[in-house]
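Reading the structure
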Amino acid sequence: LQKRKFLSQIGTEDEKTRLRINPSLPLNRCSIVDAKRPYLVKRATNKKDSCSIDVMYFQGKSESVLGRLQTSGVLSSPPRPSVVPFQSSDMARLSRQEFSERILAQNVIFVDWDLCQLSASNLEKYLGQGIHILVDTSVPAAKSLSFGGSYITPRGRLYHVDVHCRDVALCQAHIKQHVDIACQQYGGRITFCVMLMEARMKSHIKTFCVEKLGLAHLPLDHSFLSYTFSDPSKSQL
């Protein structure tokens, strides 16, 4: 119990320090914590649970994975609607309540552990950083959105795939395209960090990645809780 109080205290002091350095940080914030340590969010005021984020890791050699992707039958049936690269005109469909409130929670998106509000400026920021953004073609509102990007770690290349979707077939289509992009761009062994917003899809996606894409599943699955809150430390400065 003392350890939990200590960790919570450290978190609060850390927020105060960050706000002193950057006082322009907004009062309403987004954060993420380990689902096994819910006590870390008790210090947050006006907390609203956004969604659970389930993380899985897969690994494969780009050459062999590309061979799988070029065969028919990777997707049991073509997704309807299709999944395409994001364009600025898609923002109108993403901004509709059917997506921003019913697919997302509190209008929050996550991109490689970075949480923020869905907005045109944030999506343009990620595009400028070389992040690949995919969206489906549903009208009048989109039904899915995903982000993918790569960087080198001490253990090799990692490619993150962050899928905001509540439909298994659409989620599979997003993952397939990101894996294809990664394997076209990079050779050798690639580790994929796949982040989902619905735990019920985990088993379907794990089977899809292993059996259809030929990736090896790494036993590193974990769950997190994303939430929005009013930062109490800002009012105390």
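Before reading on, note that the structure itself is shown above.
Predicted model, so just to flag it, every value in this text is computed and none were measured.

With that settled, the discussion passes to the packing of aromatic side chains. With the rule as written, the count across this model stands at 2 aromatic pairs. Ring plane angle 65 degrees and centroid distance 5.9 Å describe the contact between Tyr126 and Phe147, whose orientation is recorded as edge-to-face. Note that Tyr126 is positioned in helix α5 (residues 120–128) and Phe147 in strand β7 (residues 144–153), a separation of 21 residues in sequence. Measuring from ring centre to ring centre gives 6.0 Å for Tyr159 and Phe192, while their planes differ by 55 degrees; the resulting arrangement is tilted. Note that Tyr159 is positioned in strand β8 (residues 156–165) and Phe192 in strand β9 (residues 189–196), a separation of 33 residues in sequence. Positioned above the aromatic ring of Tyr126, the side-chain terminus of Lys125 is 4.6 Å from the ring centre. Over the face of the ring belonging to Tyr186 we find Arg157, whose NZ or CZ atom lies 3.8 Å from the ring centre.

Attention now goes to the pattern of salt bridges. Going through the model one piece at a time under the given rule, you end up with 6 salt bridges. Lys206 is the partner of Asp221 in a salt bridge, and the nearest nitrogen-oxygen pair spans 3.3 Å. Pair noted here: Asp221 is in strand β10 (residues 216–230) and Lys206 is in helix α7 (residues 202–212), with a separation of 15 residues, a long-range link. You can call Lys206 partly exposed: its relative accessible area is 29%. The structure contains a network of salt bridges with shared partners spanning Arg166, Glu198 and Arg200.

Glancing now at the side chain of Gln172. Relative to the helices and strands, Gln172 resides in helix α6 (residues 168–185). Beyond its immediate stretch of four places on either side in the chain, Gln172 contacts Leu75, His204, Ile205 and Phe208.

In this section: unusual backbone geometry. The omega torsion of the bond from Val139 to Pro140 falls at 5 degrees, within 30 degrees of zero and hence cis. With a phi angle near 75 degrees, Trp113 is a residue other than glycine that sits in the positive phi range. Of note, Trp113 is situated in the loop between β4 (108–111) and β5 (114–117). Among the residues examined, Trp113 registers a relative accessible area of 32% and is labelled partly exposed.

The next point concerns the packing of α6 against α7. Packing of α6 against α7 brings their axes to within 10 Å, and their N-to-C directions diverge by 40 degrees. In this view, α6 runs oblique relative to α7, as classed from their interaxial angle. Of the two possible hands of crossing, α6 and α7 adopt the one that is right-handed. Residue-level contacts link Val168, Cys171, Gln172, Ile175 and Lys176 of α6 to His204, Ile205, Phe208 and Cys209 of α7.

Looking now at the nonpolar core. Within the largest apolar cluster, 29 residues are counted, with the highest numbers of intra-cluster contacts made by Ile175, Val179, Phe192 and Leu213. Mapped by element, the contributors of at least two residues to this core are β2 (45–61), α2 (62–69), β8, α6, β9 and α7. Apart from residues lying up to four places away in sequence, Leu213 is in contact with Val65, Arg68, Leu69, Val74, Ile175, Val179 and Phe208. Phe86, Leu118, Val135 and Leu145 belong to the second-largest nonpolar core, a separate cluster that totals 18 residues.

Thresholds applied
- Residues numbered from 1 in each chain as written.
- Predicted model: local features only at pLDDT ≥ 70, side-chain atom pairs only at ≥ 80, totals over all residues.
- Heavy atoms only, no water.
- Phe/Tyr/Trp six-rings, centres within 6.5 Å; stacked < 30°, edge-to-face > 60°.
- Helix = DSSP H or I, 4+ residues; strand = E, 2+ residues; numbered from the N terminus.
- Lys NZ or Arg CZ within 6 Å of the ring centre and 35° of its normal.
- Salt bridge = Lys/Arg side-chain N within 4 Å of Asp/Glu carboxyl O.
- Buried < 20%, exposed > 50% of the residue type's maximum accessible area, 1.4 Å probe, protein only.
- Contact = heavy atoms within 4.5 Å.
- Axes fitted to C-alpha atoms, helices over the stretch in contact; angles between N-to-C directions.
- Parallel < 35°, antiparallel > 145°, perpendicular 65-115°, else oblique.
- Left-handed = near helix turned anticlockwise from the far one by under 90°.
- Core = buried A, V, L, I, M, F, W, Y, C linked by side-chain atoms within 4.5 Å.

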